[in-house]
Amino acid sequence: MTKQNVVPAEAVATVTVAAAGSSPIFPYPPPISIPNKYVSQFDLVSGRTSSWLESMKASSPTHPKVAAALAASVPIVDSVFKMRSGWTMWHPSALSQFDQIVRASKGKQIVMFLDYDGTLSPIVEDPDSAFMSNAMRKAVREVARDFPTAIVSGRCLDKVVDFVKLAELYYAGSHGMDIKGPEKSRHAKAAKVLFQPASEFLPMIDTVYKTLLDRTKFTPGVKVENNKFCASVHFRCVDEKVRYHFTSATSNWGSLIDQVRSVLKEYPRLRLTQGRKVLEIRPTIKWDKGKALEFLLESLGFANCKDVMPIYIGDDRTDEDAFKVGEGLLDPASRVEASTSEGSVESVDWIHAAPPPMKFSDA
Ligand SMILES: O=P(O)(O)OC[C@H]1O[C@H](O[C@H]2O[C@H](CO)[C@@H](O)[C@H](O)[C@H]2O)[C@H](O)[C@@H](O)[C@@H]1O
């Protein structure tokens, strides 16, 4: 199936199934310092508040009160419906694509990559309460028995490990910038997998986190989260309401983006991206969930290997970096893109139904 950029990724969770073969672009063992080629320049000062605002509005189902208000508006519901139909036309349900996925996996080593929020756990208002269900944990545990399995999340590593509670998995926290092998593994090399490509940013992120906490303290509903190598400013519970001041009008969301950008002006080595009702502050290194996927494949000994099939399930814009890894494959015919329903509802069924066990050959 060819790639279609039909709707933002957050409208539905997506399963991307890709047969790997991309060449490694980083050395392993990992470099101590970050080579220049991984450092990119982003202009945080540019970009208008209005375009950020549009993007914030489109960034995820919002909290219940606003969702109820939206539901009362027929044109909006209609356009959302049309948008979803477009997406599912090009990305049919992963469950209905199951046979095709199994066929594509024949003779290949499956490696499973799973995003956390919105994929394994439902989206909730309080980020600290995004628990995954026992059924989901059981499904992931079963998959990890048969295939190397990694959780790739924007959250800090410790938090996601604490939520998932499965010692046999690989974890990549902070959008892939904090990678750790399984504590429990049959394979000696696995536990040694450790990589923190943005370690020099640790003090900077901590300072920015504290500054953001302070600058946003008068915005009701905002939540600032320290994700170790990145930080999140959540606006899911911030009322978008417009405030009028003489002749000009600003919204709470508008002031929030201005506050965040004013902090970041002082940090040219940080960049701003967006997830589901969240602004993400990240180092400008060229490292993301896609690079984490490539790194883990290489650590597992699958660099340049045509007989491996990574399966990545994710629901957010940052997961698209991992989906793009599949675009560089030599054999696009063996790539399948499919979708699960919004949130984690269908993911658990899909993970349960994962293709039949294949031998995990150690690196
Ligand atoms: O890569 P992920 O595992 O999907 O993490 C991305 C962000 O997820 C969390 O925020 C999202 O989920 C919250 C709980 O459901 C929700 O309240 C919030 O609106 C979502 O954006 C997490 O709190 C962030 O730190 C992650 O970056």
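Conventions adopted
Residues numbered from 1 in each chain as written. Predicted model: local features only at pLDDT ≥ 70, side-chain atom pairs only at ≥ 80, totals over all residues. Heavy atoms only, no water. UniProt positions renumbered as here; feature names shortened; annotations may be inferred. Near = heavy atom within 4 Å. Polar contact = N/O pair within 3.5 Å; in protein donor to acceptor, adjacent residues only side chain to side chain. Areas by Shrake-Rupley, 256 points an atom, 1.4 Å probe, with all protein chains shown as cover. Helix = DSSP H or I, 4+ residues; strand = E, 2+ residues; numbered from the N terminus. Nonpolar A, V, L, I, M, F, W, Y, C, P; charged D, E, K, R; others polar. Buried < 20%, exposed > 50% of the residue type's maximum accessible area, 1.4 Å probe, protein only. Phe/Tyr/Trp six-rings, centres within 6.5 Å; stacked < 30°, edge-to-face > 60°. Core = buried A, V, L, I, M, F, W, Y, C linked by side-chain atoms within 4.5 Å. Contact = heavy atoms within 4.5 Å. Pairing = 2+ DSSP bridges. Axes fitted to C-alpha atoms, helices over the stretch in contact; angles between N-to-C directions.

Looking at an unreviewed UniProt entry, the protein carries the name Trehalose 6-phosphate phosphatase, with the source organism given as Zingiber officinale. Under Function (unreviewed entry), UniProt gives the following word-for-word description of the protein: "Removes the phosphate from trehalose 6-phosphate to produce free trehalose."

Draft legend 1. Inspection of the site of the ligand at higher detail. Among the 21 residues in the neighbourhood of the ligand, the closest are listed as Val124, Glu225, Arg236, Arg276 and Lys289. Arg276 places a main-chain nitrogen or oxygen 2.4 Å from an oxygen atom of the ligand. A distance of 2.6 Å separates an oxygen atom of the ligand from a polar side-chain atom of Lys289. Protein contacts shield 99% of the accessible area of the ligand, which totals 570 Å² for the unbound molecule. Contributing elements (two or more residues each) for the shell around the ligand: strand 8 (231-234) and strand 12 (278-283). Residues belonging to the shell around the ligand are distributed by class as follows: seven nonpolar, five polar and nine charged.

Draft legend 2. Up close: helix 9 (residues 289-299). Burial of helix 9 is extensive: eleven of the eleven residues sit out of reach of the surface. Residues of helix 9 that are buried: Lys289, Gly290, Lys291, Ala292, Leu293, Glu294, Phe295, Leu296, Leu297, Glu298 and Ser299. For helix 9, the N-terminal cap is Asp288; the gap from its side-chain oxygen to the backbone nitrogen of Gly290 is 2.9 Å. Remark: Gly301 follows helix 9 within two positions and exhibits a positive phi of approximately 90°.

Draft legend 3. Spatial organisation of the packing of aromatic side chains. Scanning the model with the defined rule gives eight aromatic pairs in all. Judged by centre distance (5.6 Å) and plane angle (75°), the rings of Phe131 and Phe163 are edge-to-face. Here the residue Phe131 occupies a position in the loop between strand 2 (109-114) and helix 5 (134-146), and Phe163 occupies one in helix 6 (residues 157-164), the gap between them amounting to 32 residues. Owing to a relative accessible area of 52%, Phe131 belongs among the exposed residues under this scheme. Plain terms: the ring middles of Trp287 and Phe295 are 6.3 Å apart, the flat faces sit at 65° to each other, and that makes the pair edge-to-face. Of the two residues examined, Trp287 and Phe295, each falls in the buried class.

Draft legend 4. Molecular detail of the nonpolar core. Within the largest apolar cluster, 54 residues are counted, with the highest numbers of intra-cluster contacts made by Phe113, Ile179, Val233, Leu279 and Ile281. Ranked by the residues each element gives to this core, the list is headed by helix 8 (residues 252-264), at six residues. Not counting residues within four places of it along the chain, the set of residues in contact with Val233 comprises Leu212, Val222, Lys223, Val224, Leu256, Val260, Lys277, Val278, Leu279 and Ile281. In this structure, Tyr116, Val140, Leu157 and Ile313 belong to the second largest nonpolar core, which totals 24 residues.

Draft legend 5. Structural view of the sheet that holds strand 11 (residues 270-275). Strand order in this open sheet of four strands is 7-8-12-11, and the pairing throughout is antiparallel. Each edge of the open sheet is held by one strand with a lone partner, namely strand 7 (223-226) and strand 11. Strand-to-strand, the axes of this sheet are offset by a mean angle of 20°, without reference to chain direction. Strand direction decides the pairing type here: strand 8 and strand 12, joined by four bridges, are antiparallel.

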